Amino acid sequence: MPHTTDAEALVGALDSTFGIVESCLDRWTVDMLSEEFRRTWDGDVSVHTRGSVIQRLFSHDAYHCGELSQTLGIAGLPQIDLWE
């Protein structure tokens, strides 16, 4: 059986992610965006910067908002406006 998410859970997930981004932007300075950290997963080490993580979170959610907007448009409903 496929996993489904209702509208309330979806809105909560988007608000949560954008809340994380907003919190980081409130606390981090421009100079801090180039700070690196390492993540080890299953023996592989990845190096990221704070700035790259913020970009990834934002682009990930924007991608999914685009998917939702397309689906809403196909159904004749208003699309999502991220810049409202």
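Residues numbered from 1 in each chain as written. Predicted model: local features only at pLDDT ≥ 70, side-chain atom pairs only at ≥ 80, totals over all residues. Heavy atoms only, no water.

Draft legend 1. Representation of a nonpolar patch on the surface in the model. Nonpolar side chains collect at one region of the surface, where Ile-80, Leu-82 and Trp-83 lie side by side and expose about 320 Å² of accessible area between them. Relative to the elements of secondary structure, Leu-82 occurs in the segment after helix H2 (50-74). (Patch = residues over 30% accessible without salt bridge, like charges linked within 9 Å, V, L, I, M, F, W, Y side chains within 5 Å. Areas by Shrake-Rupley, 256 points an atom, 1.4 Å probe, with all protein chains shown as cover. Salt bridge = Lys/Arg side-chain N within 4 Å of Asp/Glu carboxyl O. Helix = DSSP H or I, 4+ residues; strand = E, 2+ residues; numbered from the N terminus.)

Draft legend 2. Main features of helix H1 (residues 7-27). Compared with an ideal rise of 1.5 Å per residue, which puts 21 residues at 30 Å, H1 spans 30 Å between its outermost C-alpha atoms and is within 8% of the ideal. All buried positions along H1 are accounted for by Leu-14, Thr-17, Val-21 and Cys-24. Projected down its long axis, H1 carries its buried residues within an arc of 95°, all on one side. Opposite the buried face of H1, by more than 90 degrees, sit the exposed residues Ala-7, Glu-8, Asp-15, Glu-22, Asp-26 and Arg-27. (Expected span 1.5 Å × (residues − 1). Buried < 20%, exposed > 50% of the residue type's maximum accessible area, 1.4 Å probe, protein only. Arc of directions from axis to C-beta.)

Draft legend 3. Expanded view of the side chain of Ser-69. In this structure, Ser-69 sits in helix H2. Classification of Ser-69 by relative accessible area gives buried; the value is 9%.

Draft legend 4. Fine view of the pattern of salt bridges. Enumeration according to the criterion identifies 1 salt bridge in this entry. Residue Arg-50 pairs with Glu-35 through a salt bridge whose shortest N-O separation is 3.2 Å. Within this pair, whereas Arg-50 is found in helix H2, its partner Glu-35 is found in the loop between H1 and strand S1 (36-41), the two being separated by 15 residues in sequence. Judged by relative accessible area, Glu-35 falls into the partly exposed class, the value being 35%.

Draft legend 5. Spotlight on the environment of Cys-65. If you trace the backbone, Cys-65 turns up in helix H2. According to the relative accessible area criterion, Cys-65 is buried, its value standing at 5%. In sequence terms Cys-65 and Val-11 are 54 residues apart; their C-alpha atoms lie 11 Å from each other. Setting aside anything within four residues of it in sequence, one finds Cys-65 in contact with Leu-14, Ile-80 and Leu-82. (Contact = heavy atoms within 4.5 Å.)

Structural measurements only, silent on function.
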